[in-house]
Amino acid sequence: MSGRFVRASKYRHVFGKSTRKDSCYDNIRVSRNAWDTNLIKVNPEYLAVNWDASGGGAFAVIPLNEKGKLPDVIPLFRGHTAVVTDTDWNPFDDRIIASASDDGKVMIWQVPQDFTLFTDAEEPADVAPIAKFTGHTRKVGQVNFNPAAENILASASGDLTIKIWDIGTGSAVHSLKHSDVIQSLSWNAAGTMLATTSRDKKLRVWDVRQERPAHEGPGHEGAKNSRVVWLGEHNRFATTGFSRMSDRQLALWEPGSNTPIGGFTTLDSISGVNMPFWDDSCNCLYLAGKGDGNIRYYEYENDKFEFLSEYKSGDPQRGVAFVPKRGVNVHENEVMRAYKTVNDNYIEPISFTVPRRAETFQSDIFPPAVGTKAGLSAADWISGKTALPPKIDFESIYEGAEPVEVPADYKPAASTTAPAPAPKPAPKEPEPASTPAATRAPPPEVKDQKSSIAAMASKYNDKEEEEEDDASSFEEISKPSVRASISAKPEVAPIKPTKTATAAPPKPASPIKSSAFSGQSTATPTPASSSAPTPAVEQSLEQIKQLLENQTKLISVQGDHITHLTAEIDSLKKRVGSGSQDQSERIRQLELELESLKP
């Protein structure tokens, strides 16, 4: 049977699920600033929103557990004298956040202990910054914390520089000079390299501590903004941008190369920028369109982005944020969670889950991810040392215990850049807990199962008759050849006796088979007064019992497979159009397979 090959992946069925309105964050006033940033940032405890505030710039911090409609007046994080353009949470301290502004300043803030938006005060007190950095001469567009070193922050400004700050001492330790306005920046997992895109349509990979570009090459040719995201611990980064014809594109790059791996991939012709987000533990890339309501997601494998699915929504988004991996709900098999702005007045969580019903921890979809401890201090990083942050095991989180650390150099058993392993062959004997997959071989037909049972029953009857007629000679046996051919049928039956059957005492030689080939009877006389069954009869009964059990299990599996095929046919019939020849052919193939399975 011909058909399209389906790539094996445990994330192939991940789907995005929206949230009810009462579990969203309502009464939000998202900033109207036109600077191309994500507008919102999130960590496992708080959600930061660039706020549409008067009297200077401000942003709001919303505790994630305070869902529903927010008060009309809430405490804001005020301190900038112009609009806030970007924020970023410290990856190793959920209460520390950095902000950038049109006033050319970078500020560091600390969320107060037991911070809440619901207070009895008519005018809740605003939060003031704990540090201000004034090294830039023009507006600051982006801020981004180092993912491996503690208290190291990068800020990109309209003065065409990226400054690297040690927020513990308040000093700028490095400065990277560009030739045009920086549009986006992204660290690698070790925090030693920085990839940037700029208005001059060039991609740069910086050796940050040497303050020089390790590579500079052409990027997307379109006039609109492009974005870059480093693929974590891989020596690769991805970019989103536009072609000369304003088509949205996706590209995968190796540092040092002037051409993308596999060329540019055209996505669509929508005008909004695609915001990329990388999940390093699952090797998945999410693309959230600015101005549309869709979120695509891909799996990185064998130096390609394999398309998984797309979350579609009619509500356009201007801002999107993805929670760090340690903040997902492991009990719901949630592998990622996004937050999107809707009509600039409320924020909706989108949960991406793997549809499984298992009641135990799913270790294959939750490999270890970065925790809350830095790989090294700011001083060590500045001195030239390099280290990855330790990871945490999600099984400890699933059990409600403190996160257990695993080595920082942990690698999954199957490398993403190695060829995919060949699928294991289907077991000959189906197990009760196994689930039939669409690619497994079809089970034996019912008519074969019936012949196997009949053959075993005939074999039992032959032995019983032979033991009752213990004084017969081979001249009186008129049909040995027929019985020999019948008893040979179980040899081609698809089901073998189970271990309990093979562990029984050795089977005695059948008198009928012996006489058929040697010409004389070797039957052992049985006393006429004995009414108890012989060991041969007991063994035959046990074999029939085991065979019936196996056939029952197999018929159950076959029924599940028929149900699966029927559901797939119904689904294809609903989606097939008048001109969809491939899907019509697929339906005919499935119907033929279904007919062959029916008794």
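Computed from a predicted model, the values in this text were never measured in an experiment.

K.L.:
What is the right way to look at the overall build of the chain in this model?
P.N.:
In terms of helices and strands, the chain carries eight helices and 33 strands. For the chain, the proportion of its 599 residues judged to be buried stands at 48%. Sequence separation of at least 24 residues holds for 55% of the intrachain contacts in the chain that already meet a minimum separation of 6. Looking at the chain as shown, the accessible area adds up to about 29,600 Å², and 51% of this sits on carbon and sulfur atoms.

K.L.:
What am I meant to see in the packing of aromatic side chains here?
P.N.:
For any pair of aromatic rings, the description consists of the separation of the ring centres together with the inter-plane angle of the planes. Scanning all chains against the criterion turns up 23 aromatic pairs. Arranged with centres 6.2 Å apart and planes meeting at 80°, the rings of Trp 187 and Trp 381 form a pair that is edge-to-face. Remark: Trp 381 occurs in helix H1 (residues 378–382) and Trp 187 occurs in strand S16 (residues 182–187); sequence separation between them is 194 residues. Take Trp 187 and Trp 381: they sit in the same class, and that class is buried. Aromatic rings pair up to connect Phe 277, Tyr 286, Tyr 297, Phe 322 and Phe 352 into one cluster. In this arrangement the basic side chain of Lys 21 is found over the ring face of Tyr 346, its NZ or CZ atom lying 4.4 Å from the centre.

K.L.:
So what exactly am I meant to see when it comes to the pattern of salt bridges here?
P.N.:
Pairing between side chains of opposite charge can happen when the charged atoms of each approach one another. This structure, assessed with the given rule, holds 29 salt bridges. Note that Lys 202 and Glu 216 form a salt bridge whose closest N and O atoms lie 3.3 Å from each other. Residue Lys 202 is located in strand S18 (residues 202–207), and its partner Glu 216 is located in strand S19 (residues 212–218); the two are separated by 14 residues in the primary sequence. A residue is classified by how much of its surface remains accessible, and Glu 216, at 38% relative accessible area, is partly exposed. Note that Asp 268 is salt-bridged to Arg 296, the shortest N-O span being 2.7 Å. In this pair, Asp 268 is assigned in strand S23 (residues 265–268) and Arg 296 in strand S26 (residues 295–301), connecting sequence segments 28 residues apart. The two residues Asp 268 and Arg 296 agree in class, both being buried. The network of salt bridges with common partners includes Arg 7, Glu 299, Glu 301, Lys 304 and Glu 306.

K.L.:
Even after reading the chapter, I still don't get the nonpolar core, so can you show me in this structure?
P.N.:
Nonpolar side chains in soluble globular proteins tend to be buried together. Membership of the largest hydrophobic core comes to 62 residues, with the highest contact counts inside it found for Tyr 11, Ile 28, Leu 47, Val 49, Tyr 286, Phe 322 and Phe 352. With five residues, the single largest contributor to this core is strand S5 (residues 58–63). Not counting residues up to four positions away in its chain, the partners in contact with Phe 322 are Val 42, Phe 277, Tyr 286, Ile 295, Met 336, Arg 337, Ala 338 and Phe 352. One finds Ile 152, Ala 154, Ile 164 and Leu 376 within the second-largest nonpolar core, a separate group that totals 16 residues.

K.L.:
Would you mind going over the sheet that holds strand S11 (residues 131–133) with me for this structure?
P.N.:
Sheet strands pair by backbone hydrogen bonding; their relative direction is either parallel or antiparallel. With antiparallel pairing, the four strands of this open sheet are ordered in space as S8-S9-S10-S11. Every interior strand has two partners, whereas the edge strands, strand S8 (84–89) and S11, have only one. Across the sheet, the mean angle from the axis of one strand to that of its neighbour is 20°, orientation sign disregarded. By the bridge criterion, three bridges tie strand S10 (residues 106–110) to S11 in an arrangement that is antiparallel. Bridging across to S11, Met 107 finds its partner in Lys 132.

K.L.:
Is there a simple way to explain the confidence of the model for the chain in this structure?
P.N.:
One rule of thumb: low pLDDT means the predicted coordinates there are not for detailed reading. Looking at the chain, the pLDDT average stands at 81 and 75% of residues meet or exceed 70. Contacts from residues 459–532, a stretch scored under 50 in pLDDT, to residues over four places away or in other chains number 60 contacts.

K.L.:
How should I be thinking about the side chain of Asn 283 in this particular structure?
P.N.:
Positionally, Asn 283 belongs in the loop between strand S24 (274–279) and strand S25 (284–289). Residue classification places Asn 283 among the buried positions, given a relative accessible area of 8%. For Asn 283, the side chain forms a polar contact with the side chain of His 234, separated by 2.7 Å.

K.L.:
I would appreciate a short explanation of the pairing of strand S15 (residues 171–177) in the present structure.
P.N.:
It is a general feature of regular strands that their side chains alternate between the two faces of the sheet. For strand S14 (residues 161–166) and S15, the ladder comprises six bridges, and the chain directions are antiparallel. The partner of Trp 165 across the bridge, within S15, is Ala 172. As consecutive antiparallel partners, S14 and S15 are separated by four residues, and within that stretch Gly 170 has a phi angle of approximately 80°, a positive value.

K.L.:
What should I look at first to understand the sheet that holds strand S7 (residues 77–78) in this one?
P.N.:
As summarised here, the arrangement of the four strands in space is S3-S4-S5-S7, forming an open sheet in which the pairing is antiparallel. Every other strand in the sheet has two partners, leaving strand S3 (40–42) and S7 as the edge strands with one partner each. Pairing between strand S4 (residues 46–50) and S5: five bridges, direction antiparallel. Following the sheet pairing, Asn 50 is matched in S5 by Phe 59.

Conventions we followed
- Residues numbered from 1 in each chain as written.
- Predicted model: local features only at pLDDT ≥ 70, side-chain atom pairs only at ≥ 80, totals over all residues.
- Heavy atoms only, no water.
- Helix = DSSP H or I, 4+ residues; strand = E, 2+ residues; numbered from the N terminus.
- Buried < 20%, exposed > 50% of the residue type's maximum accessible area, 1.4 Å probe, protein only.
- Contact = heavy atoms within 4.5 Å.
- Areas by Shrake-Rupley, 256 points an atom, 1.4 Å probe, with all protein chains shown as cover.
- Phe/Tyr/Trp six-rings, centres within 6.5 Å; stacked < 30°, edge-to-face > 60°.
- Lys NZ or Arg CZ within 6 Å of the ring centre and 35° of its normal.
- Salt bridge = Lys/Arg side-chain N within 4 Å of Asp/Glu carboxyl O.
- Core = buried A, V, L, I, M, F, W, Y, C linked by side-chain atoms within 4.5 Å.
- Pairing = 2+ DSSP bridges.
- Axes fitted to C-alpha atoms, helices over the stretch in contact; angles between N-to-C directions.
- pLDDT = per-residue confidence, 0-100.
- Polar contact = N/O pair within 3.5 Å; in protein donor to acceptor, adjacent residues only side chain to side chain.

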